[in-house]
Amino acid sequence: MTDATTPTGDLTSIPALLAHNAQTFANRPAYREKEFGIWQSWTWAEAAEEIDAIAMGFLALGLEPGDKLAVVGRNRPALYWSIAAAQKCGAIPVALYQDANAEEMAFVMEHCGARFVVCGDQEQVDKVIDVQETVHGIDQIIYVDKRGLRKYDHTHMNALQDVQAEGRAAHFRLEPILREREAVLDYDSTCVMLYTSGTTGKPKGVVLSNRNIIETAKNSADFDHLTEKEEVLAYLPLAWVGDFIFSMGQAMWAGFCVNCPEGEHTMMTDLREIGPTYYFAPPRVFETQLTDVMIRMEDAGRFKKRLFDHYMAIARKVGPDLLDGKPVSAGDKLRYRLGELFIYGPLKNTLGFSNVRVGYTAGEAIGPEIFDFYRSLGINLKQLYGQTEASVFITQQPDNEVRADTVGVPSPGVEIRIDESGEVYYRSPGVFVEYYKNAESTASTKDPEGWVATGDAGFIEESSGHLRIIDRAKDVGKMADGAMFAPKYVENKLKFYPNILEAVVIGAGRDRCCAMVNIDLSAVASWAERNNVSYASYQELAGHPLVLNMIQEHVEEVNASVTQDEMLAGCQIHRFLVLHKQLDADDGELTRTQKVRRAVIAEKFSDLVEALYSDAESIYTETEVTYEDGRKGQITATLSLRDAKVFDRAHQVAAE
Amino acid sequence: MFDDQESFTTPDGRTIGGVMMEMKNITLRFGGVVAIKDISFDIREGEIRAIIGPNGAGKSSMLNVISGFYNPQEGEVWFHGEKRAPMKPYEVAQQGIARTFQNIALFEGMSVLDNIMTGRLGFMKSGLLSQALWWGKAEREEVKNREAVEKIIDFLEIQNIRKTPVGRLPYGLKKRVELGRALAAEPKLLLLDEPMAGMNVEEKEDMSRFILDVNDEYSTTIALIEHDMGVVMDLSDRVVVMDYGKKIGDGTPDEVRNNQAVIDAYLGVAHD
């Protein structure tokens, strides 16, 4: 059972790990941030001093044990430090998504009862001030970037720098109190509260203890042999459990360096400059990078293009085998070496992957072509499967056992079981303590023995012991004729085409499946340029007959491939449309982690769904959109509905 | 609220000082064409002063008089309590005046960083030889100037295009780079010639925020020409309205909005 796990020495909290690192790795870099065009760095000893100063500043402002301290902003050392400082004070840090609008923010702040809020900049401060109109109990606002905030009412507001200065000045008085607060922390104290993105409803506050985070960090660091020499780039949302494990848990456990990019838009440049050794990205990031590479190669000269194509063919043939240590002929080895010299090396360097020793992707299924592309370059990209409730890790792929269609074997310390309905259950030291203020959900998710339902349907492959995920258990349904309906399975096949960014397949309880598709603007725009297709807006491009033809081809290819699987042959797409707007988290159509919210989409686009199941050739529709600043507008469009060719099932003739 | 008292605080908490620049009975002619006819107004320390008017009203000419590029045939320009004599461009820069242009005037082939760096020219004192050899003072100066430029890049949130040649940038960003170059000169008085021309709503909002932030963070006095009425009324403390080279209104946005002559000029009435 989870509680039987013994703590490792005295290292039973993040502050304890920090103190340990400040001793052991005193002069090794702990944090870097690019600012004013230069990488600034802090060693573990310096970081520990900064964090102490912040913690004492918090004490001076009256932070009490058990208080909630919300953190919102982009990845910056100061925010990671604030989290650690809050823990030192015995308070509970709560990380929020920085692109959350005021409404979403208000829900979380209200629910967790935040007393302190640490904001990255003016934008976040403005949102918190808005939130304060409805949510009371926010006592102190602290901000990192001073810009634009000078004239604000500072009766309950401070710059983090000033808080730190105050803490330093009063350290004779405050340090003993701080040490007392730290001493009380143990393996079962709350480490952090993170809110789920909420695919199906309101976000839930997942309470994770020091045990959850540290045990998970320890096990996963051992699994991939992470040491203090790793470099990671912290660019994924602070509020996401993955970033918390990588940039706080594992970084503190292994003592490696967390690098914060200059800003959201400089991430690619910063990635190249840092050259991380340990890297995590959702499939979308890999897709975008591959699409960019392909677009640029389309524009390259003929010689370069041929060189690229030639060596990529070799890479695809032998690259994955070389990575897995399988035997490869001497001639192929030599050719791969040449390819490394001419193509793979420079390409990896451009992408910022020269030093990647361990790379992970998770969150969504990744296209086999995309996955193989990176592996064939010699990048050790692997898949993992996890969720917030598990402190990330449920299964992951060991080196040499990497495949695109599985999510790997159970992570160290994790037990897995599949129940009769096909849903995956797990039990591990990382299993969350509870949903905050929601005993009912806690009880329905976690049974008394500690088994947690993932909500995903899957099975364990007999031959390899790897777990394969089919779909969200809730989404797997039946069609009118009783055939199995797994929308995600088909959507993923569609999304593997670079031209398709997002797809939503409908068909539960119906006689046939239909789909709504989002084009990928950068890929389709580049295609349009090469094919002399002119357009003035996203909407016009999405509705262009040639684009529709292209998407139709993709849909039909997917139909052909779906037929291969007897169980799911009923999920072929009979009719589809290309949406006139991109699905967006601001409109509630996606979660903040970019996952499709089916219920919202089905309701919002009910007119389109109806039209898909009618005989109409086209449909006029009005859609409400939300702009980034929260204002709303209307867009109207006439969408054409297309029939796609469906293929005969193995034993039964299709409807058309 | 704008009487002769020396300094006061605006409702949004900014301090506006005494008169920084005063235009006295300015008349500017190009041959027989009278571009500006007997105009007087002042610019106070720390304020945002807008000059508006229909096309051909003489706004850009006025800005060129302020910047010292044109010398009016009649009238006087007083700056910091002294009457200003005709000046060379570098003397204008030395006085602490910088500007942006209606039609962007950047070095298209140079990177954003280098373009903004050119704004620091006035701060480079080391000699040709030292510059060429990259030795001693030249290096120290470059580091110092680069630091100033990086602060501006951070301020304008253009870190991601730092090394991009300006020619490859979209219009809205070029405008921002131009503002950056003007800021690099650390001006006391910043002249903006239609900073938002040709921009979409979002770009205008961004630019407005930058203008307010410049005024707030660097305490820079700003004189701007703009067509977008909404923007002008929101941004500026005082507005001068010109029509056919004459001043037809001067005051706070509210006063100007209710001024009959201004309404006529904008909505159009028959001229005698």
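About the criteria used
- Residues numbered from 1 in each chain as written.
- Chains lettered and ligands numbered in written order.
- Predicted model: local features only at pLDDT ≥ 70, side-chain atom pairs only at ≥ 80, totals over all residues.
- Heavy atoms only, no water.
- Helix = DSSP H or I, 4+ residues; strand = E, 2+ residues; numbered from the N terminus.
- Rg over C-alpha atoms; globule rule 2.2 N^0.38 Å.
- Buried < 20%, exposed > 50% of the residue type's maximum accessible area, 1.4 Å probe, protein only.
- Contact = heavy atoms within 4.5 Å.
- Lys, Arg positive; Asp, Glu negative; His and termini not counted.
- Charge placed at Lys NZ, Arg CZ, Asp CG, Glu CD.
- Domains from an automatic or database assignment.
- Salt bridge = Lys/Arg side-chain N within 4 Å of Asp/Glu carboxyl O.
- Polar contact = N/O pair within 3.5 Å; in protein donor to acceptor, adjacent residues only side chain to side chain.
- 1 Å grid on protein atoms, 1.4 Å probe; cavity = no way out; pocket = protein on both sides within 12 Å on 5 of 7 lines; lining within 4 Å.
- Points joined across faces, edges and corners; volume = space filled by probe spheres on them.
- Nonpolar A, V, L, I, M, F, W, Y, C, P; charged D, E, K, R; others polar.
- Patch = residues over 30% accessible without salt bridge, like charges linked within 9 Å, V, L, I, M, F, W, Y side chains within 5 Å.
- Areas by Shrake-Rupley, 256 points an atom, 1.4 Å probe, with all protein chains shown as cover.
- Buried area = accessible area lost by both parts, 1.4 Å probe.
- Phe/Tyr/Trp six-rings, centres within 6.5 Å; stacked < 30°, edge-to-face > 60°.
- Lys NZ or Arg CZ within 6 Å of the ring centre and 35° of its normal.
- Pairing = 2+ DSSP bridges.
- Axes fitted to C-alpha atoms, helices over the stretch in contact; angles between N-to-C directions.

## Some details on the overall build of chain B
Okay, step 1: Secondary structure assignment for chain B yields 10 helices and 12 strands.
Okay, step 2: Here chain B has a C-alpha radius of gyration of 19 Å; the compact-globule value for 272 residues is 19 Å, and the two agree.
Okay, step 3: With the C-alpha coordinates of chain B rotated into their principal frame, the extents come out at 65 × 40 × 40 Å.
Okay, step 4: Residues counted as buried form 50% of the 272 residues belonging to chain B.
Okay, step 5: Counting only contacts in chain B whose residues sit at least 6 apart along the sequence, the fraction spanning at least 24 positions is 67%.
Okay, step 6: Each charge class in chain B was averaged separately, 32 positive and 43 negative side chains, and the resulting centres sit 6 Å apart.

## Considerations on the domain arrangement of chain A
Residue and element names in this part refer to chain A.
Okay, step 1: As far as domains go, chain A holds domain 1 (9-226 + 235-261), domain 2 (283-472) and domain 3 (495-643).
Okay, step 2: Centre-to-centre, using C-alpha coordinates, domain 1 lies 29 Å away from domain 2.
Okay, step 3: Each side of the interface is counted separately: domain 1 has 31 residues, and domain 2 has 29 residues.
Okay, step 4: Where domain 1 packs against domain 2, one counts 1 salt bridge.
Okay, step 5: When the shortest N-O distance is used, the salt bridge between Asp224 and Lys382 registers 2.7 Å.
Okay, step 6: Counting the contacts that link domain 1 with domain 2 gives 12 residue pairs in polar contact (both at pLDDT 80 or more).

## Observations concerning empty space enclosed by the protein
All names here are of chain A.
Okay, step 1: In total, this model carries 3 cavities of 30 Å³ or more according to the counting rule given.
Okay, step 2: By volume, the largest cavity is sized at about 90 Å³.
Okay, step 3: Lining the largest cavity, in full, are Val232, Leu233, Ala234, Tyr235, Leu236, Asp243, Phe246, Ser247, Tyr278, Tyr279 and Phe280.
Okay, step 4: Elements with a minimum of two residues in the lining of the largest cavity: β10 (231-233), α9 (241-255) and β12 (278-280).
Okay, step 5: Across the lining of the largest cavity, the residue classes break down as 9 nonpolar, 1 polar and 1 charged.
Okay, step 6: Along the walls of the second largest cavity sit Thr216, Asn219, Ser220, Ala390, Phe393, Gln396, Ser411, Pro412, Val414, Ser428, Pro429 and Gly430, which together make up its complete lining.
Okay, step 7: Those elements giving two or more residues to the lining of the second largest cavity turn out to be α8 (210-223) and β15 (392-396).
Okay, step 8: Class assignment for the residues of the lining of the second largest cavity results in 5 nonpolar, 7 polar and no charged.

## So, a positive patch on the surface
Residue and element names in this part refer to chain B.
Okay, step 1: A grouping of Lys125, Lys137, Arg140 and Lys144 is seen on the molecular surface, where their side chains present a positively charged patch.
Okay, step 2: Tracing the sequence through the fold places Arg140 in helix α5 (residues 137-155).
Okay, step 3: Arg140 sits in the exposed class, given a relative accessible area of 58%.

## Side note on the interface of chain A and chain B
Okay, step 1: Counting residues at the interface gives 12 residues for chain A and 16 residues for chain B.
Okay, step 2: In terms of surface lost to chain B, no three residues of chain A exceed Phe36(A), Arg147(A) and Lys151(A), which account for 49% of the buried area on that side.
Okay, step 3: Linking chain A with chain B are 5 salt bridges, by the criterion used here.
Okay, step 4: On inspection of chain A and its partner chain B, the count reaches 9 residue pairs in polar contact (both at pLDDT 80 or more).
Okay, step 5: Grouping the amino acids of the side of chain A that touches chain B by side-chain chemistry returns 1 nonpolar, 4 polar and 7 charged.

## So, the packing of aromatic side chains
Okay, step 1: By the definition in use, this model includes 24 aromatic pairs over all chains.
Okay, step 2: With a centroid separation of 5.0 Å and an interplanar angle of 35 degrees, the aromatic rings of Phe246(A) and Phe280(A) are classed as tilted. In this pair, Phe246(A) is assigned in helix α9 and Phe280(A) in strand β12, connecting sequence segments 34 residues apart.
Okay, step 3: A residue is classified by how much of its surface remains accessible, and Phe246(A), at 7% relative accessible area, is buried.
Okay, step 4: A ring pair is formed by Phe155(B) and Tyr218(B), whose centres lie 5.2 Å apart and whose planes are at 65 degrees; its orientation type is edge-to-face. On the criterion of sequence distance, the pair formed by Phe155(B) in helix α5 and Tyr218(B) in the loop between α7 (201-217) and β10 (221-225) is long-range, its members being 63 residues apart.
Okay, step 5: Among the aromatic side chains, those forming a connected cluster through ring pairs are Tyr235(A), Tyr279(A), Phe286(A), Phe353(A), Phe373(A) and Tyr374(A).
Okay, step 6: A cation sits over an aromatic face here: Arg417(A) above Tyr425(A), 4.8 Å from the ring centre.
Okay, step 7: We note Lys24(B) situated over the ring of Trp78(B); from NZ or CZ to the ring centre the distance is 4.2 Å.

## Quick notes on the sheet that holds strand β2 (residues 38-43) of chain A
Residues and elements named next belong to chain A.
Okay, step 1: Taken in spatial order, the 4 strands of this open sheet run β2-β1-β11-β10, and their pairing is mixed. With one partner strand each, in any of the chains shown, β2 and β10 form the two edges of the open sheet. Strand-to-strand twist of the sheet, defined as the mean angle between neighbouring strand axes without regard to direction, takes the value 20 degrees.
Okay, step 2: Note: strand β1 (residues 29-35) against strand β11 (residues 257-260), 3 bridges, orientation parallel. If you follow Tyr31 over to β11, its bridge partner there is Val258.
Okay, step 3: Packing against the sheet, helix α3 (residues 77-88) makes contact with β1, β2 and β11, and its axis sits at approximately 140 degrees to β1.
Okay, step 4: The strands touched by helix α10 (residues 267-274) are β1, β2, β10 and β11; relative to β10, the strand with the most contacts, the crossing angle is about 175 degrees.

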